[in-house]
Amino acid sequence: MNFEYFTPTKVVFGRGAEEQTGALVKEQGGHKVLVHYGGGSVVRSGLLDVICRSLDAAGLSYVLLGGVVPNPRLSKVREGIRLCQEENVDFLLAVGGGSVIDSTKAIGYGLANEGDVWDFYDRKRKAAGCAPLGAVLTIAAAGSEMSDSSVITNEDGWIKRGYSSNYCRCRFAVMDPELTYTLPDYQTQSGCVDIMMHTMERYFNLSDNMELTDGISEALIRTVMRNARILKQNPSDYNARAEVMWASSLSHNGLTGCGTGGGDWASHQIEHELGGMFDVAHGAGLAAIWGSWARYVYREHPERFARFAEQIFGLKEDGSVEALALAGIEKMEDFYRSVGMPTNLKELGINPTEAQIQEMAEKCSFFGRRTVGVMKKLTAADVEEIYRMARG
Ligand code: NZQ
Ligand code: ZN
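Now for a look at the structure at hand. (Residues numbered from 1 in each chain as written. Chains lettered and ligands numbered in written order. Predicted model: local features only at pLDDT ≥ 70, side-chain atom pairs only at ≥ 80, totals over all residues. Heavy atoms only, no water.)

Okay, the coordination of the zinc ion (ligand 2) next. At the metal site, the zinc ion (ligand 2) is ligated by Asp194 (OD), His198 (NE2), His268 (NE2) and His282 (NE2), and these contacts range over 1.9 to 2.2 Å. Overall, the relative accessible area of 5% leaves His268 in the buried class. (Donors = N, O, S within 2.8 Å, 3.2 Å for Na, K, Ca; no water. Buried < 20%, exposed > 50% of the residue type's maximum accessible area, 1.4 Å probe, protein only.)

Right, here's the structure in full:
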């Protein structure tokens, strides 16, 4: 299939890369910088000091705004927009993970466009630009450092929505694998699931796949699995951190979707409602949903799931294609369990009521205005059924 591939982000990767941050902002023409960060991990690790020194050394002035929470909130975005307007900020620097980068992107939209920034996430209108931004990544997971998306939660109704456009691509991404040593194991593993899922969402589709794209995807998934296991034992293994960090970017910069039509994304849409309502870690939420989604849809294209079983787990057909497809799904769930990730909602630590399931499915279908997924176009009723299957 025809495709466009656009990845304008300059990547500076490796030990000590964060020391170049000031120079990178300067290279992009920034003068007054917003340094945006999360709940304090970058303060505790000393990274924020390193970044501030680097900005000082480049002769740049800056204002700080911390307090971004996982599943980042619209209220913080609005606070950031106001602050940047008051302070005449002309460059946005995210220091953190997907939540901080996404909050930064949303601030960028707010600065470059008139009116309410939520309109873009609510699909009321399209952004015509975004203030320039860069990222210093502290967790390998969401891939926001090279993706075209940002996902924000509106506390008014607890609606979590993504918005994608090329305007919000980071000008640069600083990636030092050592910055991820301090991650709690749960966040490391949750990140690994998210990385794998960004490729798996693209891998499971109905098109005639490209051999090269499939090969890159399968190598990426196997690499992340192998290194997730290593990090379970040794969180300070530099090579494993580096493999996973680079996978985070390649998995969500479009590379693993080239020529295959854009992917399914139903698991992500279904999970975002869990994040919006229950504030769960995104990758863990995906692990809890994926098996139920896969069992619900695999009959639409069992050959794809069978190939997955062969290429990722080395399984061989012994009976039917369907049996091989199912065996692959089970193996993936075994893997999730082996790294401490949930495979249902109970293991995720939540127990949605029937009313909550219906509410999430309604929101997921944009109140009946859309279906989700391409393997099978899922209506609100299908999504409800997947939540029920995932209850555990
Ligand atoms: O807030 P702090 O104190 O920094 O703690 C964070 C947070 O609690 C902590 N953390 C991050 N780096 C750390 C660290 N703790 C110790 N040491 C470090 N080096 O980790 C926790 C999770 O951080 P968060 O930024 O929320 O993680 P992640 O990168 O997984 O981002 C998740 C968000 O990204 C969205 C998700 O929906 C979710 O809201 N996504 C964004 C995408 C995109 N923009 O392209 C695509 C994804 O599919 C995803 O939907
Ligand atoms: Zn994701």
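From this point, the discussion proceeds with the structure in view.
Moving on: the site of ligand 1. Around ligand 1, a shell composed of 33 residues is seen, among which Gly39, Ser41, Ser99, Ser147 and His198 lie nearest. A distance of 2.7 Å separates an oxygen atom of ligand 1 from a polar atom in the backbone of Gly39. In the model, an oxygen atom of ligand 1 is placed 2.7 Å from a nitrogen or oxygen of the Lys160 side chain. Coverage of ligand 1 by the protein amounts to 89% of the 960 Å² it exposes when considered alone. When residues of the shell around ligand 1 are traced back to their parent elements, those giving at least two are helix 5 (98-112), strand 6 (149-154), helix 7 (185-203) and helix 10 (266-278). (Near = heavy atom within 4 Å. Polar contact = N/O pair within 3.5 Å; in protein donor to acceptor, adjacent residues only side chain to side chain. Areas by Shrake-Rupley, 256 points an atom, 1.4 Å probe, with all protein chains shown as cover. Helix = DSSP H or I, 4+ residues; strand = E, 2+ residues; numbered from the N terminus.)

Among the surface-exposed residues, Glu303, Glu310, Glu317, Asp318 and Glu322 lie close enough to one another that they form a single negatively charged patch. Checked against the element boundaries, Glu310 lands in helix 12 (residues 302-313). By relative accessible area, which is 33% here, Glu310 ends up partly exposed. (Patch = residues over 30% accessible without salt bridge, like charges linked within 9 Å, V, L, I, M, F, W, Y side chains within 5 Å. Salt bridge = Lys/Arg side-chain N within 4 Å of Asp/Glu carboxyl O. Lys, Arg positive; Asp, Glu negative; His and termini not counted. Charge placed at Lys NZ, Arg CZ, Asp CG, Glu CD.)

A separate point is the pattern of salt bridges. The full count for this structure, using the stated rule, is 21 salt bridges. Measuring nitrogen to oxygen at the nearest pair gives 3.1 Å for the salt bridge that ties Glu79 to Lys76. Of this pair, Glu79 and Lys76 both sit in helix 4 (residues 74-87), 3 residues apart, which is roughly one turn of that helix. A relative accessible area of 33% means that Glu79 is categorised as partly exposed. You can call Lys76 buried: its relative accessible area is 16%. A salt bridge links Asp122 to Arg161; the nearest nitrogen and oxygen atoms lie 3.2 Å apart.

All right, on to the state of the cysteines then. Where two cysteines share a covalent bond between their sulfur atoms, that bond is called a disulfide. Applying the stated criterion across every chain yields a total of 0 disulfides. Looking at the unpaired Cys170, the closest cysteine sulfur is the one in Cys168, lying at 7.6 Å. (Disulfide = S-S within 2.5 Å.)

It is worth spelling out a nonpolar patch on the surface at this point. There is a patch of nonpolar side chains on the surface, built from Phe3, Tyr5 and Met210 and spanning about 280 Å² of accessible area. For Tyr5, the location among the structural elements is in the segment before strand 1 (10-13). For Tyr5, a relative accessible area of 39% corresponds to the partly exposed category.

In this section: the pairing of strand 7 (residues 159-164). Sheet topology places strand 6 next to strand 7; 6 bridges connect them, and they run antiparallel. Bridge pairing in strand 7 links Thr153 to Lys160. Between the end of strand 6 and the start of strand 7, which pair antiparallel, lie 4 residues, with Gly157 showing a positive phi angle near 100 degrees. (Pairing = 2+ DSSP bridges.)

Turning to the packing of aromatic side chains, a few remarks are in order. Each aromatic ring pair is described using two quantities: the centre-to-centre distance and the angle formed by the ring planes. Evaluation of the coordinates by the stated rule reveals 18 aromatic pairs. For the pair Phe204 and Trp290, a centre-to-centre distance of 6.2 Å together with 45 degrees between the ring planes defines the contact as tilted. Taken as a pair, Phe204 in the loop between helix 7 and helix 8 (211-233) and Trp290 in helix 11 (residues 282-297) lie far apart in primary sequence, 86 residues in all. Residue classification places Phe204 among the buried residues on the basis of a relative accessible area of 0%. A residue is classified by how much of its surface remains accessible, and Trp290, at 1% relative accessible area, is buried. Seen in terms of ring centroids, Trp293 and Phe305 are 6.0 Å apart; in terms of plane orientation they differ by 45 degrees. Their pairing is tilted. Taken as a pair, Trp293 in helix 11 and Phe305 in helix 12 lie far apart in primary sequence, 12 residues in all. By the burial criterion, Trp293 is buried, and Phe305 matches it. By way of ring pairs, the aromatic residues Tyr203, Phe204, Trp290, Trp293, Phe305, Phe308 and Phe313 are connected into one cluster. (Phe/Tyr/Trp six-rings, centres within 6.5 Å; stacked < 30°, edge-to-face > 60°.)

This part covers the sheet that holds strand 8 (residues 172-175). Reading across from one edge, 1-8-5-4-2-3 is the order of the 6 strands in this open sheet, with parallel pairing throughout. A strand with exactly one partner marks an edge of an open sheet, and here the two such strands are strand 1 and strand 3 (61-65). Taking the axes of each pair of neighbouring strands and ignoring which way they run, one obtains an average angle of 20 degrees across the sheet. Along the sheet face, helix 5 touches strand 2 (32-37), strand 4 (91-96) and strand 5 (133-137) and points at about 165 degrees away from the line of strand 4. (Axes fitted to C-alpha atoms, helices over the stretch in contact; angles between N-to-C directions. Contact = heavy atoms within 4.5 Å.)

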